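Report on the structure
Here is what each chain is made of, one letter per residue.
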Amino acid sequence: MQYVRLGRTELEVSPISFGAIKLPGISEDEAAECLNRALDLGINFIDTARNYRDSERKIGLGVGHRRDEFYLATKSSARDYDGAMADLEKSLDELQMDYIDIWQLHTVSDEETWQKVMGPGGALEAARKARDEGTIGHVSITIHRAIGVMRKAITCGEFETIMLCYNPLDSENVAAEGILELAKEHDMGTIVMKALSGGQLAYPKDQRIPGLGGPDAIVAGSLRWVLSHPAVDIVIPGMQAVHEVEENVALMDPFEPLTDEERQELVQRLAEHGGSYRYEQQCLRCGYCQPCPQGVPVPEIFKAVQIVANYPDDLKYLGYDLYESLEVGADACVACGACLEKCPAGLEIPELLQSAHETLTSRA
Ligand code: SF4
Ligand code: SF4
């Protein structure tokens, strides 16, 4: 593994790092196995979040005894000082650790949230204090979609790394808008999430086609696509199986940027594989938004939209049927916002549910 400098944090980290968002879906023993295999193979950066259910606890249990072999990043979705401090304390407790290398203000994805975290009594004050006291090493931020907020976060000088979504589809226009380059101009570390669009940029498990350097050409091609961008430092694909860890790490042995021909091949494979990728592909199906007080089954609704959007015409009925089979529809959402902070993908769930209902009730 060739390590890279993560901007002005000066941490030397593995370009393929461990995204721990999916650990809640596996047992403690399986999580420990994956995490230990990752460290054995040279991964030295693990990223989690306070709202990834029991992910922090599983990291502590699985590799807490190897704490000096990896850097740890976690996140708080709290917007105010007290909430952020409470999150930090809870994270340390769950992790059974006394230090977090990178602490990120999570999903600061609109102007209003930006004002809250940056203003008096905001979460940034908690991060600064924790850094002064030595509980955390570096203050960082994660942002979805909001290009304007990304620019502010990069130029304000408060944050040492930025985590953002980037994949071959660049649906958030991060590369197109020059955000990655801007971050590098300010010597920030760049951490890419959703390189596989929440697991959607992959062949179905039983139909994998090898190519582009890996046993799944779309996975290998997408990860190499991201790391081929000169302004990307690291990527954190979510992993929940030892073979995924091994396959991802193998891409670094040695890392080969995509050639022009390979780029074309990847685009071709993506086009054949799934058609257009839209917001419903951004849903990770993690279920963290559940339970909804109104009983709205958000992940199933987004799945139905995905089927209608991507399946061939003669199979779209599966999506409509799925929606009809649900006891509670998207129109039951009262936009209370209770799910918003729980969603690690930063989706505007109430708005998306509204359009989902329109789509799913317009069967031809
Ligand atoms: S915003 Fe809608 S989906 Fe989210 S918790 Fe409230 S009612 Fe449920
Ligand atoms: S809407 Fe968000 S929280 Fe709910 S399943 Fe999708 S990604 Fe997870």
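For the rest of this paragraph, the subject is the domain arrangement of the protein chain. Each domain of the protein chain was delimited in the assignment, giving domain 1 (4–274) and domain 2 (279–360). In total, about 1,500 Å² of surface goes out of reach between domain 1 and domain 2, with carbon and sulfur atoms giving 38% of it. Three residues stand out in domain 1 for area buried against domain 2, namely R53, K194 and Q200, and they jointly supply 31% of the buried area on that side. Inspection of the domain 1/domain 2 interface yields 2 salt bridges. Between domain 1 and domain 2 we count 3 residue pairs in polar contact (both at pLDDT 80 or more) in total. Partitioned by chemical class, the residues of the side of domain 1 that touches domain 2 number 3 nonpolar, 10 polar and 4 charged.

We now examine the packing of aromatic side chains. Considering all chains together, one arrives at 2 aromatic pairs under this definition. On the basis of an interplanar angle of 40° and a centroid distance of 6.3 Å, the ring pair of Y52 and Y288 is categorised as tilted. In this pair, Y52 is assigned in the loop between strand 4 (45–47) and helix 2 (55–63) and Y288 in the loop between helix 11 (279–282) and helix 12 (298–310), connecting sequence segments 236 residues apart. For the residue pair Y52 and Y288, the accessibility class agrees, reading buried in each case. With 6.3 Å between their ring centres and 55° between their planes, W114 and F159 make a pair best called tilted. With W114 in helix 4 (residues 111–118) and F159 in the loop between helix 6 (147–155) and strand 8 (161–165), the pair connects residues that are 45 residues apart, well separated along the chain. The class for W114 is buried, based on a relative accessible area of 7%. By relative accessible area, F159 is classed as buried at 0%. The ring centre of F70 lies 5.1 Å from the NZ or CZ of R67, which sits over that ring. One Lys or Arg, R263, reaches over the ring of W225 and ends 4.9 Å from the middle of that ring.

Next up on the list: the pairing of strand 5 (residues 71–76). Of all 6 residues in strand 5, 5 are buried; the element is thus mostly enclosed. Across 3 bridges, the pairing between strand 4 and strand 5 is parallel. Considered in strand 5, the bridge of I46 is made with L72. Taken together, strand 4, helix 2 and strand 5 constitute a β-α-β crossover, and its handedness is right-handed. Of the strand pairs in this sheet, strand 5 and strand 6 (residues 100–105) are connected by 4 bridges, and their pairing is parallel. Its bridge partner being in strand 6, K75 is matched across the sheet by Q104. Crossover strand 5 to strand 6 through helix 3 (residues 81–95) is right-handed.

Criteria and thresholds
Residues numbered from 1 in each chain as written. Chains lettered and ligands numbered in written order. Predicted model: local features only at pLDDT ≥ 70, side-chain atom pairs only at ≥ 80, totals over all residues. Heavy atoms only, no water. Domains from an automatic or database assignment. Buried area = accessible area lost by both parts, 1.4 Å probe. Salt bridge = Lys/Arg side-chain N within 4 Å of Asp/Glu carboxyl O. Polar contact = N/O pair within 3.5 Å; in protein donor to acceptor, adjacent residues only side chain to side chain. Nonpolar A, V, L, I, M, F, W, Y, C, P; charged D, E, K, R; others polar. Phe/Tyr/Trp six-rings, centres within 6.5 Å; stacked < 30°, edge-to-face > 60°. Helix = DSSP H or I, 4+ residues; strand = E, 2+ residues; numbered from the N terminus. Buried < 20%, exposed > 50% of the residue type's maximum accessible area, 1.4 Å probe, protein only. Lys NZ or Arg CZ within 6 Å of the ring centre and 35° of its normal. Pairing = 2+ DSSP bridges. Right-handed = clockwise from strand over helix to strand, strands pointing away.

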